[in-house]
Amino acid sequence: MASLYLGRLKPDQRQELIKRLWEAQGHDCFICERPIDLEVHAQSLDIDHVEPLNVGGKDDETNFALTHASCNRSKQASDLRVARVLARFGHIQEKTRDEHERGANLSDVLGAYDGAKFALGFNIADDQVRFSFSETGDSDLRSVPLYTDGLSGLRYFFAELPIAYLHHDDRINPRNIGANVSKLVTEFHRGRPQLHVSLGWIETSGNASRVKVFDGQHKATAQVLLGTRSLPVRI
């Protein structure tokens, strides 16, 4: 939707706005977060609404962002905040292709956001699971019920774990993250999360116990990309 505010600006006023946005953004494109050179990119810059007008965004300077024209015209979402999140995922995909010659999965996303760092220390007694997050500086003991599946006889529990304690099981689920993650990011950003608990299991080796997620990687990825630092998991 066209901006009446921008349409009323004189050329020198538009240039002043560009400079203010450029300085406020630390000289980087709002979407790709890579540098903008006001001279080199002078003919290839866009000013756009961060929150689209058609969903209630304001048509004033508080809702404008400066972008490379190419980024703005190839963005995957009309909301520039979502477009920036998806651009970050695009950077992860590029790095994964360059370094590993494959598509990105949850392991790559966790690695980019300081996840998948620690094993989970825990013990089981009286149908309770006790654990803490000592490696993050939180040594409080937590206790949750332990259940037994009626068909398989496998025991499980529910916990909300910091992403630093979550790992991706790329043996059980080796699939790459598909394009539908963009729709999930948009829905989560709008405050419409699809109710879903990731599924994982504990791989024990010596004293190390890693929680490995094997199902729900797309929804976990969407939440991590949006800045979520802990996720609910059935383990």
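Note: the structure precedes this text.
Residues numbered from 1 in each chain as written. Predicted model: local features only at pLDDT ≥ 70, side-chain atom pairs only at ≥ 80, totals over all residues. Heavy atoms only, no water.

Asker: Please give an account of the pairing of strand β4 (residues 128–133) that cites residues and values.
Answerer: Bridge count for strand β3 (residues 122–125) against β4 is four bridges, and the pairing is antiparallel. Paired with phenylalanine 122 across the strands is phenylalanine 131, a residue of β4. Joining the antiparallel neighbours β3 and β4 is a turn of two residues, in which aspartate 126 adopts a positive phi near 55°. Pairing of β4 with strand β5 (residues 138–145), which is carried by five bridges, proceeds in the antiparallel orientation. Paired with arginine 130 across the two strands is serine 143, which belongs to β5. Hairpin connection, β4 to β5: the antiparallel pair is bridged by four residues, and glycine 137 has positive phi, about 95°. (Pairing = 2+ DSSP bridges. Helix = DSSP H or I, 4+ residues; strand = E, 2+ residues; numbered from the N terminus.)

Asker: Explain the pattern of salt bridges to me, and be specific about the residues and the numbers.
Answerer: This model, assessed by the stated rule, comprises eleven salt bridges. The salt bridge partner of glutamate 33 is arginine 88, with a shortest N-O separation of 2.7 Å. Taken together, the residues span a long stretch of sequence, with glutamate 33 in the loop between α2 (11–24) and β1 (45–49) and arginine 88 in helix α4 (residues 80–100) at a distance of 55 residues. Under the relative-accessibility criterion, glutamate 33 is labelled partly exposed at 32%. Taking the relative accessible area as the measure of exposure, arginine 88 reaches 28% and is therefore partly exposed. (Salt bridge = Lys/Arg side-chain N within 4 Å of Asp/Glu carboxyl O. Buried < 20%, exposed > 50% of the residue type's maximum accessible area, 1.4 Å probe, protein only.)

Asker: Go over the state of the cysteines, please, and point to the residues and values.
Answerer: Inspection of every chain in the model, using the stated rule, returns zero disulfides. In this structure cysteine 32 is a free cysteine whose sulfur lies 3.7 Å from that of cysteine 71, the closest cysteine sulfur available. With relative accessibility at 9%, the residue cysteine 32 sits in the buried group. (Disulfide = S-S within 2.5 Å.)

Asker: Kindly report on the packing of helix α6 (residues 181–189) against helix α7 (residues 217–225), identifying the contributing residues and their values.
Answerer: Where α6 contacts α7, the axes come no closer than 9 Å and their chain directions differ by 55°. Taken together, the axes of α6 and α7 are oblique relative to one another. Both α6 and α7 take part in a crossing whose hand is right-handed. Facing α6, whose interface residues are Val181, Leu184, Val185 and Phe188, α7 presents His218, Lys219, Thr221, Ala222, Gln223 and Leu225. (Axes fitted to C-alpha atoms, helices over the stretch in contact; angles between N-to-C directions. Parallel < 35°, antiparallel > 145°, perpendicular 65-115°, else oblique. Left-handed = near helix turned anticlockwise from the far one by under 90°. Contact = heavy atoms within 4.5 Å.)

Asker: Explain the side chain of glutamine 217 residue by residue, including any values.
Answerer: Along the chain, glutamine 217 falls in helix α7. Relative accessible area serves as the criterion here: at 2%, glutamine 217 is assigned to the buried category. Among the polar contacts made by the side chain of glutamine 217, one reaches the main-chain amide nitrogen of leucine 106 at a distance of 2.9 Å. Ignoring anything within four residues of it in the chain, the contact list for glutamine 217 reads Asn105, Leu106, His168, Asn173, Arg175, Asn176 and Ile177. (Polar contact = N/O pair within 3.5 Å; in protein donor to acceptor, adjacent residues only side chain to side chain.)

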